[in-house]
Amino acid sequence: MKQFGYAIAADFAAAAEALSKAKNSVAKAGGTDLLDLLKERIYEPDEMIHLGKAKNEVPAGELNALATLADVAGDARIRRDFPALAEAAEVAATPQVRNWATVGGNLCQHTRCWYFRNKDFTCFKRGDDDCSALKDGALNKYNAVFPTKECGCAHPSNLSPALAALDARLRCVHPDGDRELELLALYDIPKKGVTCNIHLRKGELIRSVVLNPTPLTRNSTYIEFRERESFDFAVASVAAALEMDGDTVRDIRLVLGAVSAGPLRAVEAEKIVRGKRLDIDAVAKAALKGATPLSQNAYKLHVTEALVRRALTELHGRAGR
Amino acid sequence: MSDDLSGVSRRDILKGAGAAAFLGAVGTRAAQAQEPASKMRRIGPGPVAIELTVNGKKRRLNLEPRVTLLDALRDRIELTGTKRVCDRGACGSCTVWVDGKTANSCMMLAVDAHGAEITTIEGLAQGGKLHPVQDAFVRHDALQCGFCTPGMVMSCAALHEHNPKAGEAEVREAISGNLCRCGTYTHIFNAMQDVAGGGR
Amino acid sequence: MSKQKVRLGFKGNEKEVEVNPRKGTPAWMGVDADPAVIGKDHARIDAIAKVTGAAKYSYDMRPAGLCYAKLIGSPHAHAKVKRVDLTKARALKGVLFAEAQEGKTVRFAGDDVAGLVAETEEILDDAIRLVTVDYKVLPHAVSEAAAQADGAPRVKRNSENVVLPRRGGTWGSLDAAAAAHKGADVVLERVYRTQVQTHSCLETHGSVCEWNDGKLTVWASTQSTFGVRRTIAGALRIPQGDVVVITQHMGGGFGSKFGADRWDVFAARAAKVIGRPVRCMLDRKAEHLVAGNRPSSIQRCKFSAKKNGTLLGAEVRSWGTGGIGGGAGVLNPDIYNFKGAGRECFNVYTHAGGGRAFRAPRHPQGVFALEGMIDELAEAIKMDPLELRRKNDSDPVRLAEYEIGAKKIGWKTRKKSGSDRGVKKRGLGCAASLWYHTGGPGTVVRCRIEKDGSVLVANGAQDIGTGTRTVLAVIAAEELGLEVKDIEVRLGTTTDGFGPASGGSKTAASVGPAVRNAAYSVKREILATVARDVGGDVDKMDLKGGQVVGGKKALTFKQACSLFPDGFETDAKATAEDFDRRAQFAPRISGCQFAEVEVDTETGQVRVVKVVAVQDCGRVIDPLLARSQLNGGVIQGVSYALFEDRLLDPNTGDMVNPNLVDYKIVGSLDMPEIEAVMFPVANGINSIGMSGLGEPSTVATAGAIGNAVANAIGVRIRSLPITPDKVLAALKGMS
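Residues numbered from 1 in each chain as written. Chains lettered and ligands numbered in written order. Predicted model: local features only at pLDDT ≥ 70, side-chain atom pairs only at ≥ 80, totals over all residues. Heavy atoms only, no water.

A.B. asks: Tell me what's going on with the overall build of chain B, and back it up with residues and numbers.
C.D. replies: Regarding its fold elements, chain B presents 6 helices and 7 strands. Reading chain B from its N end, one meets helices and strands in the order β-α-β-β-β-α-β-β-β-α-α-α-α. For chain B, the proportion of its 200 residues judged to be buried stands at 62%. Taking all contacts inside chain B whose residues are at least 6 apart in sequence as the whole, residues at least 24 apart take part in 59%. As presented, chain B carries roughly 7400 Å² of accessible surface, and 49% of it is formed by carbon and sulfur atoms. (Helix = DSSP H or I, 4+ residues; strand = E, 2+ residues; numbered from the N terminus. Buried < 20%, exposed > 50% of the residue type's maximum accessible area, 1.4 Å probe, protein only. Contact = heavy atoms within 4.5 Å. Areas by Shrake-Rupley, 256 points an atom, 1.4 Å probe, with all protein chains shown as cover.)

Quick look at the structure:
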């Protein structure tokens, strides 16, 4: 790591103010993603602003961005009202990481693309002209199956698909004014030289996640597939929510993780069954429509399709109970 | 020149964290920006003074903010039981307890742990008596080269403290962030089953 | 020499042979030996040090004034180092030493181009970023195919990229194998592939070097203290007598840590120049790139059989890469009795880090292909694959082991391949293994007693984590009629007696007989003195249960030792006569493994449910520790079969997964149930009948898993690791 100054923020507003003015500062909460990037010198900040000790009182019913993944996984109310969120948190990373990694950090984490994380390689997101994962012969089995023309990165967050399926909104702090953002609106397409493709203004911080319990959120789930069960990032993940009215689908959310630069809501697939009978195979097929897998990752389509079927079968079963 | 972190009142600056998920803090959002500068405590980038409580003993250290807790423990306090292996939070060999929670000390800065209670492998045995998990590891040969062992023990002991009757599924989950290259897992499961059953 | 008859073998298959114990050495143990301490579970004697963090590894040594060193690796797989600018790094306060390798041609990513020493790790980190290197990047070839393509760049100046090594490149006769296909009912030609696996020792390679009065102390993370002493003295051109190598504990070697490496020599040189101790331990990335690996293999197999299950011909041609190193041979098809068999193993040089010995070199990769072929033949002639093995295997030990393993895995329940219903399909598979009796002469062990009854056993070799320290204590306790806790063991310092490198599973089987000789010699001296001073017939006396028994008067061990006011010691050597290869019961060490897997046919995930490993363990010294080693071999085998893969980007030649996140090693949640069955064989190879255990238990695992996967899904994956993408591709290709 390069030498850096360290600032302890008393609260988020102060941190946002400082970050918005700083030339080369980074914000850190749990630090479990950031330290990795600092050690690789992908970031070489002059100053680190530590949020972990900031005062961040949030209204009842909102999820504090500083809550750890372990807090989320262990919260009985979350498990009851937003099971997809609890399920996503409890399978993330490792027990040690879950004790410190925060909700905000998980949403803003960087892609696991190994070409991004190693400065020996060229990377569009790090400012190079081309993406090493898109080249002929590239090793891209874990990359996106919905890549852009310029970048093959996939977003690794567990919480983002889950929160998207739960219609979560993010409450953000910025000196120019606080705002609320839909979860999916946080994610941008990859841009040259933008290491983390999120739509936050310079210095803007996620303070909390706004969630409203509904029959739809209460019947939600998150499942992921990893090559290795013990600490691995998802090859594919699916978050879904389903509300039935007899045999009819009253409402549905279906969000795919690890397939593109951000969580991908399968809007067209949802439409096929909303207000109609649940046809799981049809949804699963439609969910991946338009995918353009890379040279080595077409298998991810099969995996994702299977996960969609499993998630919906599970929710349909739960709805019937 | 060194900034001093330990001199200021920790109550003012270092508290207010650890907001558990839905503790339902009623009321207002934190007051809007008053005078942000006063709300930022800036130290470094050179050496700063911090204070850690390591295995019950207060330690004052002078180090740069970029020094990880792992390096502080190994190179400054010379507690070398905590191992550096992957240096990226993937293997658990550097596992310590920070305020009672397991942490990868390679992925935490020493300054982050200022004021915290740290327990390392050297501090687990109390009064010359092995922790039940350590004792079971010895009896079941839950180790080979021993390099992953301190981290494994810290993860298993943390589980044991929270759930003394943990079954194999919980043990597997608890050490899913700890890698062993020699392949001792089977004996670790045996040892932990023994501990859950009340020892020998 | 006095002749002794000893019964060898195992229950149900014994034979009597004559051996010649050397004068002054103990009688040999046969099947009927009933030792009191050997063969019982004993906790590892350094376990408490390891569970409390007190055990000091080389990485933990912190002599006063310690400085930190690092070699800077090239990001290019093939390049000429035109210029290295160290000016800025040297100017940084706290940088103590810097040197560059200008003009060097780097031949793999990670190959060192400069080295630095600094007072702290943080300064070192900064200094590294201040070094600028101008490279002339040259074309590279990092895959077997690229290195064999027309116009491929040459990896080695004096060699073609593809070579048939003079030693070990060929075995048997390919002509005889081809001729043996005649009359076959089935001839199969298949290609099997195995990946490059890195050792991934948890303690990385490296050492701490300190000079005092012209003498060098090296705390090395090594599996050969004497090997490091020899090689570092050679590299520095100083007498070996001026070097002491110390390895008290070390965090894994697996075949990759035999001698001093470039970084050790750099640390020693730098330490001398700056007059302070220097530590140079590799970081995780370098550990993957430069510190060795198990070479890959592409095995073209042509096997034939008759319908009645007679194996006929086995032709094996393999190509594998150990980067700039060799060692890419495979053990295929040695295990079975073919009418004609032969192989050629080509080394393919590539621009990648050099291969090194890795736990049973050549064997797991060969057995994966061999056992796959045997199963494919069985499938083709519609014979139970275990039956086909039994029919063509004449090893009495393995034939007995098959019975045990088959029963424990429930082989009778094995279904026709691909016939399991449902999304998640289960399957069973088995594979055989062989290893060798590798213990040998040369080890010198000191056994010393004190007047107060203290016992010290000392040797200069290391314990790489297999439990050598404990094995010494157990054997000494056995011979002296004591308990393990009564024995102090000193290991790992080259000022003590010579000991072997821990490789080829030979440490225990080499050191063990020497310990026994030393303790026996001490015992004889104690008994003779008791007989003389207290009375009794020395030939009727013995040390047992902490007592001198059979003498005129009951004495405790301690009382007997008090007859030696200054204590005494014996240095005993294990000589060539202490290893009798003619007296062996079986010429090789045999084993077999059975695996049950579950394959998720929608995600392609393979889960290993259970592995039964039945292994010839010779005479087991400490079953508790032996089981640890057997489990470890299986677990590394599971990891090799399903996860590990060193991936080199073909465009840059650099490794994309040089960490422990993307280089995947099996973890707790992927762990199968493991049943390790020790099959004891009195083998007559040495006075105890000890064999090595480290390697044999990892040989068969991937083969058994590969066969179980094929049995589960009805399609065969002929490429390791068996990852979901390959499973899905195979399944989709079928439908």
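A.B. asks: Mind laying out helix α4 (residues 149-162) of chain B, listing which residues take part and the relevant values?
C.D. replies: All names here are of chain B. When the terminal C-alpha atoms of α4 are compared, their 20 Å separation across 14 residues agrees well with the 20 Å that a helix rising 1.5 Å per residue should span. Across the 14 residues that make up α4, a large majority, 12, are buried. Within α4 the residues assigned to the buried category are T149, P150, G151, M152, V153, M154, S155, C156, A157, A158, L159 and H160. (Expected span 1.5 Å × (residues − 1).)

A.B. asks: Lay out the nonpolar core with the relevant residues and their values.
C.D. replies: In this structure, B:F137 and C:F594 are the most contacted members of the largest nonpolar core, which totals 186 residues. In this view, C:F594 contacts C:L386, C:Y402, C:G405, C:A406, C:I409, C:W411, C:G429, C:C430, C:K610, C:V611, C:V612 and C:A704; residues no more than four positions away in its chain are not counted. A:I8, A:A67, A:I198 and B:V67 belong to the second largest nonpolar core, which has 95 residues in total. (Core = buried A, V, L, I, M, F, W, Y, C linked by side-chain atoms within 4.5 Å.)

A.B. asks: How would you sum up the side chain of C:S296? Please name residues and give values.
C.D. replies: Residues and elements named next belong to chain C. With respect to the helices, strands and loops of the structure, S296 is situated in the loop between β17 (293-294) and β18 (297-305). A polar contact is formed between the side chain of S296 and the side chain of E144, at a distance of 2.6 Å. Beyond its immediate stretch of four places on either side in the chain, S296 contacts E144, T194, Q195, V196, G320, T321 and A328. (Polar contact = N/O pair within 3.5 Å; in protein donor to acceptor, adjacent residues only side chain to side chain.)

A.B. asks: Describe the sheet that holds strand β5 (residues 95-100) of chain C, listing the residues and the values that go with them.
C.D. replies: Residue and element names in this part refer to chain C. With mixed pairing, the 7 strands of this open sheet are ordered in space as β5-β7-β3-β16-β13-β14-β15. Lying at the two open borders of the sheet, with one neighbouring strand each, are β5 and β15 (243-246). Here the average twist between neighbouring strands, direction ignored, is 20 degrees. The pairing of strand β14 (residues 215-220) with β15 spans 4 bridges and is parallel. Bridged to W219 within β15 is I246. (Pairing = 2+ DSSP bridges. Axes fitted to C-alpha atoms, helices over the stretch in contact; angles between N-to-C directions.)

A.B. asks: Describe the interface of chain A and chain B, listing the residues and the values that go with them.
C.D. replies: The interface is formed by 63 residues belonging to chain A together with 56 residues belonging to chain B. Counting across the interface, chain A meets chain B through 7 salt bridges. A salt bridge links A:E40 to B:R88, with the shortest nitrogen-to-oxygen separation between them at 2.9 Å. For the pair chain A and chain B, the interface holds 21 residue pairs in polar contact (both at pLDDT 80 or more). (Salt bridge = Lys/Arg side-chain N within 4 Å of Asp/Glu carboxyl O.)

A.B. asks: Lay out the interface of chain A and chain C in plain terms, naming residues and giving numbers.
C.D. replies: In this complex, chain A contributes 33 residues to the contact, which on the side of chain C involves 36 residues. Each partner contributes to the roughly 3000 Å² buried at the junction of chain A and chain C, and carbon and sulfur atoms together form 52% of this total. Area buried by chain A at its contact with chain C is led by A:W114, A:R228 and A:R310, which between them contribute 20% of it. Counting across the interface, chain A meets chain C through 9 salt bridges. (Buried area = accessible area lost by both parts, 1.4 Å probe.)

A.B. asks: Let's hear about the sheet that holds strand β30 (residues 606-618) of chain C: which residues, and what values?
C.D. replies: Residue and element names in this part refer to chain C. Spatially, the 4 strands line up as an open sheet ordered β21-β29-β30-β31, and their pairing is mixed. Each of the sheet's edge strands pairs with one partner strand only, and the pair in question is β21 (424-436) and β31 (673-680). For this sheet, the mean angle separating the axes of adjacent strands, direction not counted, is 15 degrees. Note: strand β29 (residues 588-600) against β30, 9 bridges, orientation antiparallel. Among the inter-strand pairings, F594 is bridged to a residue of β30, identified as V612.

A.B. asks: Can you lay out the packing of helix α12 (residues 468-480) of chain C against helix α13 (residues 507-533) of chain C for me, pointing to particular residues and giving the numbers?
C.D. replies: Residues and elements named next belong to chain C. Where α12 meets α13, the axes come as close as 9 Å, and the angle between the chain directions of the two elements is 30 degrees. When the interaxial angle is binned, α12 and α13 end up roughly parallel. Judged by the twist between their axes, the crossing of α12 over α13 is right-handed. Across the interface between the two elements, T468, V471, L472, I475, A476, E479 and L480 of α12 pack against T507, A508, V511, G512, V515, R516, A519, Y520, V522 and K523 of α13. For the contact of α12 with α13, the class distribution of residues is 11 nonpolar, 3 polar and 3 charged. (Parallel < 35°, antiparallel > 145°, perpendicular 65-115°, else oblique. Left-handed = near helix turned anticlockwise from the far one by under 90°. Nonpolar A, V, L, I, M, F, W, Y, C, P; charged D, E, K, R; others polar.)

A.B. asks: Which residues make up helix α1 (residues 12-21) of chain A, and what values go with them?
C.D. replies: The buried fraction of α1(A) is high, at 8 of 10 residues. Looking only at α1(A), the buried set comprises A:F12, A:A13, A:A14, A:A15, A:A16, A:E17, A:A18 and A:L19. Looking at the packing, one finds that the buried side of α1(A) touches β1 (5-9), β2 (25-28), β3 (47-50), β5 (169-173) and β7 (205-210) of chain A together with β2 (40-43) of chain B. Put simply, A:D11 is the residue that caps the front of α1(A), since its side-chain oxygen is 3.2 Å from the backbone nitrogen of A:A13.

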